[in-house]
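Coordinate analysis (summary)
Each chain, letter by letter, is given below.
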Amino acid sequence: MSKDTNIALLLSGGVDSSVALHLLKEKGQTPDCFYIKIGPEEDEEWDCTSEEDLEMATAVARKYSCRLEVIDCHKEYWDKVTRYTMDKVRAGLTPNPDVMCNRLIKFGAFDEKCGHNYDIIATGHYAQTEIIDGTKWLTTSPDPVKDQTDFLAQIYDWQLKKALFPIGGMMKDEVRRIAEENHLVNARRKDSQGICFLGKIRYNDYIRRYLGDNPGDVIDIESGKKLGQHRGLWFHTIGQRHGLGFGGGPWFAIKKDMEKNILYVSKGYDPQQAYKTDFAVCDFHKLNDSADIAGETSVTFKIRHTPEFHRATLEMTGDDTFIVHSEKPIHGVAPGQFCVVYDADHHRCFGSGELTVNLRQSR
């Protein structure tokens, strides 16, 4: 990458993107820095950290003599990402807003608002890219806990070609050390735990803002006994254990009946109904033209953001649909989740597809 490369860096106010800026400056690059404004309207009562985020981003950009511009993607987020999220949860599915935020906002609306003028869009994600046999691949971070390739597996090929992840080859502890050694203002700031860009806003509050409450019965799937009521099926996901609010448990959310508005639960730490080994995936999105999973006899995959990769084989049922045959039973398989597929060494990410409603029962 030459010094003339036109680089945009997305500064969130967090330590990861700030260290990304430090590393770029060390290599002689002076990127244009951007803070993406995407939080709730000013009159919302939600506790959002956007003001503090912008203060942090401004301080870091000033430290490295970089200009910082605020790009307002509020409308695009609430029109696109929120619409996607609400449509999915209304249908009883389990969406991932952060996955679509990367495709539609960070590498989408932002690039459009900048007139597609940047050769590179750099972020503080824990992921890497590699050129293998002439093709740019998304590859995993050495930090399995922080690896974020699962959140990036839906970006388009042209977006991947522009993507740069300066801290992607590092462990989180190393990133913190660099921040402290260079006296970054956010060196000890805690990582965000909420929805992407929405700070401390809780997911259920985000859902309730648009869909409200819709009470219905909660039933023990084994005995048929009514245990109480839920406030809305969209507040629960398959495999959920925490937040059900019933004594004598633990209880797991096992099934949703959207037509009758019933949540079925099962008692026990590991009820058999909560596990599956075979499940269908549709609308698989390939990260590049070389990501041909039809030719893969053995893969690894994730269905949620965890350090673990699971081994499986794929049974292709169409151009972008397949059945995952997992070597081990997987807990909490929920329609609407993204199944992210990697090579057998969980190194190259092929892309991801959505778990369908018509899931096969575990063997």
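Check the entry above for the structure.
A short tour of the structure in this document, coming up. (Residues numbered from 1 in each chain as written. Predicted model: local features only at pLDDT ≥ 70, side-chain atom pairs only at ≥ 80, totals over all residues. Heavy atoms only, no water.)

1. Points about the sheet that holds strand S9 (residues 226–230)
Pairing within the open sheet is mixed, and its four strands lie in the order S9-S8-S11-S10. Sheet topology places S9 and strand S10 (251–257) at the edges, where each strand pairs with a single neighbour. Mean inter-strand twist for the sheet, computed between neighbouring axes without regard to direction, equals 30 degrees. Strand direction decides the pairing type here: S10 and strand S11 (residues 262–267), joined by six bridges, are antiparallel. By the bridge assignment for S11, Phe252 is matched with Ser266. (Pairing = 2+ DSSP bridges. Helix = DSSP H or I, 4+ residues; strand = E, 2+ residues; numbered from the N terminus. Axes fitted to C-alpha atoms, helices over the stretch in contact; angles between N-to-C directions.)

2. What about the sheet that holds strand S3 (residues 68–72)?
Across the sheet, which stays open at both edges, the five strands sit in the order S3-S2-S1-S4-S7 with parallel pairing between neighbours. If you trace the sheet from one side to the other, it starts and ends with S3 and strand S7 (163–164), each paired once. Sheet analysis places strand S1 (residues 7–10) next to strand S2 (residues 32–37), joined by three bridges and oriented parallel. Across the sheet, residue Ala8 finds its bridge partner in S2, namely Asp32. Its contacts with the sheet put helix H2 (residues 50–63) on S2 and S3, and the angle it makes with S3 is roughly 150 degrees. (Contact = heavy atoms within 4.5 Å.)

3. Structural notes on the packing of helix H1 (residues 15–26) against helix H7 (residues 172–181)
Where H1 contacts H7, the axes come no closer than 10 Å and their chain directions differ by 65 degrees. Here H7 runs roughly perpendicular to H1, going by the angle between their axes. As for how H1 packs across H7, the hand of that crossing is left-handed. Counted together, Val15, Asp16, Val19, His22 and Leu23 of H1 and Lys172, Val175, Arg176, Ile178 and Ala179 of H7 form the full contact between these two elements. (Parallel < 35°, antiparallel > 145°, perpendicular 65-115°, else oblique. Left-handed = near helix turned anticlockwise from the far one by under 90°.)

4. Some points on the environment of Gln337
As for its position among the elements, Gln337 is in the loop between strand S15 (322–331) and strand S16 (338–342). Taking the C-alpha atoms as reference, Gln337 lies 9.5 Å from Val281; in sequence the two are 56 residues apart. Look past the residues within four positions of Gln337 in its chain and what remains in contact with it is Thr94, Ile303, Arg304, Gly332, Gly353, Glu354 and Leu355.

5. Points about the nonpolar core
Judged by nonpolar contacts, the single largest core of 39 residues is most densely connected at Phe34, Tyr77, Ile105, Phe110, Leu138 and Ile207. Elements represented by at least two residues in this core include exactly S1, S2, helix H3 (74–90), helix H4 (97–113), helix H8 (203–211) and S16. Excluding residues within four positions of it along the chain, Leu138 makes contact with Ala127, Gln128, Thr149, Leu152, Ala153, Leu160, Phe165, Leu287, His347, Arg348 and Cys349. (Core = buried A, V, L, I, M, F, W, Y, C linked by side-chain atoms within 4.5 Å. Buried < 20%, exposed > 50% of the residue type's maximum accessible area, 1.4 Å probe, protein only.)

6. Overview of the pattern of salt bridges
On inspection of all chains with the given rule, the structure shows 23 salt bridges. The partner of Lys88 in a salt bridge is Glu354, with the nearest N and O atoms 3.0 Å apart. You can see Lys88 sitting in helix H3 and its partner Glu354 sitting in strand S17 (residues 348–355), a full 266 residues away along the chain. Here Arg231 makes a salt bridge to Asp213, at a shortest N to O gap of 3.2 Å. Taken together, the residues Arg231 in the loop between S9 and S10 and Asp213 in the loop between H8 and strand S8 (216–220) connect sequence positions 18 residues apart. Judged by its relative accessible area of 38%, Asp213 is partly exposed. A single salt-bridge network, built from bridges that share partners, covers Asp16, Lys146, Lys172, Arg176 and Asp191. (Salt bridge = Lys/Arg side-chain N within 4 Å of Asp/Glu carboxyl O.)

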